[in-house]
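Now for the letters of each chain:
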Amino acid sequence: MANRGPSYGLSREVQQKIDRQYDPELEQILVRWILAQCGSDVAQPAPGRDGFQQWLKDGTVLCRLINSLHPRGQSPVAKIQASAMAFKQMEQISQFLQAAERYGIAATDIFQTVDLWEGKNMACVQRTLMNLGSLAVAKGDGLFVGDPNWFPKKSQENRRVFSEDKLKEGQSVIGLQMGTNRGASQAGMTGYGMPRQIL
């Protein structure tokens, strides 16, 4: 981690708000999925936020994960090596992020390297991994390992084609969003020219 002192004031409040977004239950689901997806060559992490961060920090687990979602011989990260040097670890994390973006995750859903490496925003790391799992399930290419119910289902296109007759028929219907004139009457209204009665 970076050599930073404790934060105070607004910085502390913001960091506490970010830390509250971290979901321990989602952590357990992600750990189970990563262990199932990567196989026996990945060790079990220590429980908790810090254990999860230390497990993923060097980038090797993430690179193995993204490689396992591709067919053999088409791995996006060619060289995975454990290293104690900070810049090597950050480079592997960034390789995972680039591969995840090419896999189909939106750039807005991807965490920054420092979010994981410094442990500043582990909730964002969780969201990226959850989106990766959802996308892997939605692709349905047979490379996903685990329970598909661990992740929310991605919406799929459901295109509808209407005939010209059906479209013309729809133009003559007044939708209820426009309102309705049922029940409207002038019963009980007084004439416009009458003065107000004060009793």
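Just so it is clear, the structure is predicted and the values come from calculations on it, not from any experiment. (Residues numbered from 1 in each chain as written. Predicted model: local features only at pLDDT ≥ 70, side-chain atom pairs only at ≥ 80, totals over all residues. Heavy atoms only, no water.)

Caption draft 1: Structural detail: the overall build of the protein. Tallying secondary structure elements over the protein gives 8 helices and 0 strands in all. Along its sequence from the N terminus, the protein presents helices and strands in the succession α-α-α-α-α-α-α-α. Per-residue burial over the protein gives 33% buried out of 199 residues. By sequence separation, contacts in the protein at least 24 residues apart represent 57% of the contacts at least 6 residues apart. Just so you have it, the protein exposes about 13,900 Å², and 51% of that area is on carbon and sulfur atoms. (Helix = DSSP H or I, 4+ residues; strand = E, 2+ residues; numbered from the N terminus. Buried < 20%, exposed > 50% of the residue type's maximum accessible area, 1.4 Å probe, protein only. Contact = heavy atoms within 4.5 Å. Areas by Shrake-Rupley, 256 points an atom, 1.4 Å probe, with all protein chains shown as cover.)

Caption draft 2: Geometry of the packing of helix 3 (residues 49–56) against helix 7 (residues 122–139). Packing of helix 3 against helix 7 leaves a shortest axis separation of 11 Å and a crossing angle of 60°. Regarding the angle of helix 3 to helix 7, the classification is oblique. Relative to helix 7, the crossing made by helix 3 is left-handed. For the pair helix 3 and helix 7, contact is made by Arg49, Phe52, Gln53 and Leu56 and by Met122, Val125, Gln126 and Leu129, respectively. Of the residues contributing to the contact of helix 3 with helix 7, the split by class is 5 nonpolar, 2 polar and 1 charged. (Axes fitted to C-alpha atoms, helices over the stretch in contact; angles between N-to-C directions. Parallel < 35°, antiparallel > 145°, perpendicular 65-115°, else oblique. Left-handed = near helix turned anticlockwise from the far one by under 90°. Nonpolar A, V, L, I, M, F, W, Y, C, P; charged D, E, K, R; others polar.)

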